[in-house]
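Observations on the model geometry
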Amino acid sequence: MAQIKLQNVEDYYEIGEVLGSGHFGQVRVVLERASGVHWAGKFLKLRRSASSRLGLERKSVEREVEILQSLQHANVMALRDVFESRAEVVLIVELIGGGELFDFIAEKESLSEEEAIEFLKQILKGVGFMHTKNIAHFDLKPENIMLADKTMPHPHIKIIDFGLAHRLKQGEEYRSLSGTPQYIAPEVINYEPLSEAADMWSIGVITYILLSGLSPFQGDNDKETLKNIVGMIYEFEEIYFNQTSAMAKDFIEKLLVKDPIKRMTADECLLHPWIKAANRSRSSINMKRFKKFNAKRKWKMSYNMVWACNRLFRLQLQCKSRSQEDPELVRESRKYWV
Ligand code: ATP
């Protein structure tokens, strides 16, 4: 288990502005007092009692810490330090200043397949490294693929958010229904034993979107999306893929394979002719559609955030009216107002 410090994080780091929010807390810029170096602090609220619906179980936080500690790779967010107080755990991680890869691409006028492949290669290297350690991410999606510094000529990919990651052990079956509908593999939906191959499916979906600006299984609602995934209902519609090379489609087809055993691994992807001969590709991505996809994605993210806040608000009201019966619940819901 990682060395978790019980000291007050603020004795060592000055807490700064909010960089982002997740289900269980916020990510903020922090300044290391001793060195003057900036890091990011991921503040994770801990569940106060087994019956509580708020916060994370300590066990889950320990798992995320343990996984991050064993993943030292140029394309994976690095963990520096961990602090724990009664109510929360703070992960001090490297500050990733370049924003999300998809936002960076959406700001461009055009993007060739060759440039897209350069990013994919880095994702594959980071994910491939995790897989050599028998760790699966289980939540690969555009929001979790960031850039170290977008002003560099060849920005560096950083994979973040290991909240759903799991170390797979030989002889042990792992099943989970977690993930984000658009990106999850059929075996997740079917509650079958999971492997690293589930990440490769997500990379297939991400590549499909990157090239076309279209989400392969997206239905009108989550239920329909999940049905499309399990039924393998997707196609390369000519109007969206007329700029895409045949090699690129072949690459995607070898990832969006229902049987996880038959799906390409990260190492096999790096050897696929589309990836290897990147410099020979004359095709480009469907930028107009991609920008639309990204704008819709960002809108949905803000909507989800407002929805989550409203849910907490309702929960707090509910707690207020039940305060005589359940003061512990009231205390817990208050922690979420920051
Ligand atoms: P989720 O609820 O989506 O699983 P989470 O609580 O696990 O989220 P993260 O996804 O790790 O939290 O982080 C939330 C957001 O904070 C990210 O989408 C990103 O915008 C920002 N963020 C996370 N880590 C960093 C970092 N190291 N540097 C800069 N920004 C970061």
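Residue numbers restart at each chain and count upward from 1, following the sequence in its written direction. Owing to the predicted nature of the model, reporting of local features is limited to residues with pLDDT of at least 70; listing and counting of side-chain atom pairs is limited to 80 or more, with chain, interface and lining totals taken over all residues. As a rule here, side-chain values cover all heavy atoms of the structure and leave hydrogens and water aside.

Here the focus is helix α6 (residues 197-212). Helix and strand assignments follow DSSP, with helices taken as H or I runs no shorter than four residues and strands as E runs no shorter than two, numbered in order from the N terminus. The length a helix should cover is 1.5 Å for every residue beyond the first. Its 16 residues place the ends of α6 23 Å apart at the C-alpha level, agreeing with the 22 Å of an ideal helix rising 1.5 Å per residue. Think of it in three bands: with a 1.4 Å probe and only protein chains considered, a residue is buried below 20% of the maximum accessible area for its type, exposed above 50%, and partly exposed in between. Among the 16 residues that make up α6, 16 are buried, leaving the element largely enclosed by the rest of the structure. Within two residues after α6, Gly213 carries a phi angle of roughly 75°, on the positive side.

Definition of nearness: a residue and a molecule or strand are near each other if at least one heavy atom of the residue lies within 4 Å of the molecule or strand. Around the ligand there are 18 residues in total, and His23, Lys42, Glu94, Ile96 and Asp161 lie nearest to it. Between N or O atoms, a polar contact is any pair within 3.5 Å; within protein, one atom must be a potential hydrogen donor and the other a potential acceptor, and residues adjacent in sequence are included only when both atoms are from side chains. At 3.0 Å from a nitrogen atom of the ligand is found a main-chain nitrogen or oxygen belonging to Ile96. Within the contact set of the ligand, an oxygen atom lies 2.8 Å away from a side-chain nitrogen or oxygen of Asp161. The set of elements that each furnish at least two residues to the shell around the ligand consists of β1 (13-22) and β3 (38-45).

Bringing the side chain of Glu94 into the picture now. Summarising the element assignment, Glu94 is placed in the loop between β5 (88-93) and α3 (101-106). Among the polar contacts listed, one links the side chain of Glu94 to the backbone nitrogen of Ala78, at a separation of 2.8 Å. Polar side-chain contacts of Glu94 include one of 3.3 Å to the side chain of Lys158. We call two residues in contact when some of their heavy atoms are within 4.5 Å. For Glu94, the contacting residues outside a window of four places in its chain are Trp39, Ala40, Val76, Met77, Ala78 and Lys158.

Before going further, it helps to spend a moment on helix α9 (residues 246-253). For α9, the set of buried residues is Ala248, Lys249, Phe251 and Ile252. Taken down its axis, α9 places every buried residue within 155° of arc, on the same side. This arc is taken over the directions from the axis of the helix to the C-beta atoms.

Looking now at the pattern of salt bridges. Take a side-chain nitrogen of Lys or Arg and a carboxyl oxygen of Asp or Glu: if they are within 4 Å of each other, that pair is a salt bridge. In total, this model carries 23 salt bridges according to the counting rule given. Residue Glu118 pairs with Lys121 through a salt bridge whose shortest N-O separation is 3.6 Å. Taken together, the positions of Glu118 and Lys121, both in helix α4 (residues 113-132) and three residues apart, correspond to about one turn of that helix. Residue Glu118 is classed as partly exposed on the basis of its relative accessible area, which comes to 36%. A network of salt bridges, in which partner residues are shared, links Glu100, Asp103, Glu143, Arg297 and Lys298.

How big an interface is tends to be reported as the loss of accessible area on association of its parts. If you check the domain split of the protein, you get domain 1 (4-94) and domain 2 (99-292). Taken over C-alpha atoms, the centre of domain 1 sits 27 Å from the centre of domain 2. Contact with domain 1, which involves 15 residues of that partner, is made by 18 residues of domain 2. When domain 1 packs against domain 2, close to 1500 Å² is buried across both sides, 57% of that on carbon and sulfur atoms. A quick way to say it: buried area is the sum, across both parts, of accessible area lost when two parts are put together, with a 1.4 Å probe. Three residues, Ile67, Leu71 and Asn75, lead the burial of domain 1 against domain 2; their summed loss comes to 36% of the area buried on that side. At the surface where domain 1 touches domain 2, the tally comes to three salt bridges. Residue Asp161 is joined to Lys42 by a salt bridge in which the shortest nitrogen-to-oxygen separation is 3.6 Å. For the interface between domain 1 and domain 2, the tally reads nine residue pairs in polar contact (both at pLDDT 80 or more). The dominant element in the side of domain 1 that touches domain 2, judged by the number of residues it contributes, is helix α2 (residues 58-69), at five residues. Under the grouping applied here, Gly and all other residues not named as nonpolar or charged are polar, the nonpolar ones being Ala, Val, Leu, Ile, Met, Phe, Trp, Tyr, Cys and Pro and the charged ones Asp, Glu, Lys and Arg. Here the side of domain 1 that touches domain 2 is composed, by residue class, of six nonpolar, four polar and five charged. Those domain boundaries reflect an automatic or database domain assignment.

Moving on: the packing of aromatic side chains. Classification of ring pairs uses Phe, Tyr and Trp, with its six-membered ring standing for Trp, and accepts pairs whose centres are within 6.5 Å; under 30 degrees between planes counts as stacked, over 60 as edge-to-face, and the remaining range as tilted. For the coordinates displayed, the defined rule picks out 15 aromatic pairs. Ring plane angle 85° and centroid distance 6.0 Å describe the contact between Phe104 and Phe119, whose orientation is recorded as edge-to-face. Within this pair, whereas Phe104 is found in helix α3, its partner Phe119 is found in helix α4, the two being separated by 15 residues in sequence. Both residues of the pair, Phe104 and Phe119, belong to the buried class. Aromatic rings pair up to connect Trp201, Tyr208, Phe217, Tyr234, Phe236 and Phe241 into one cluster.

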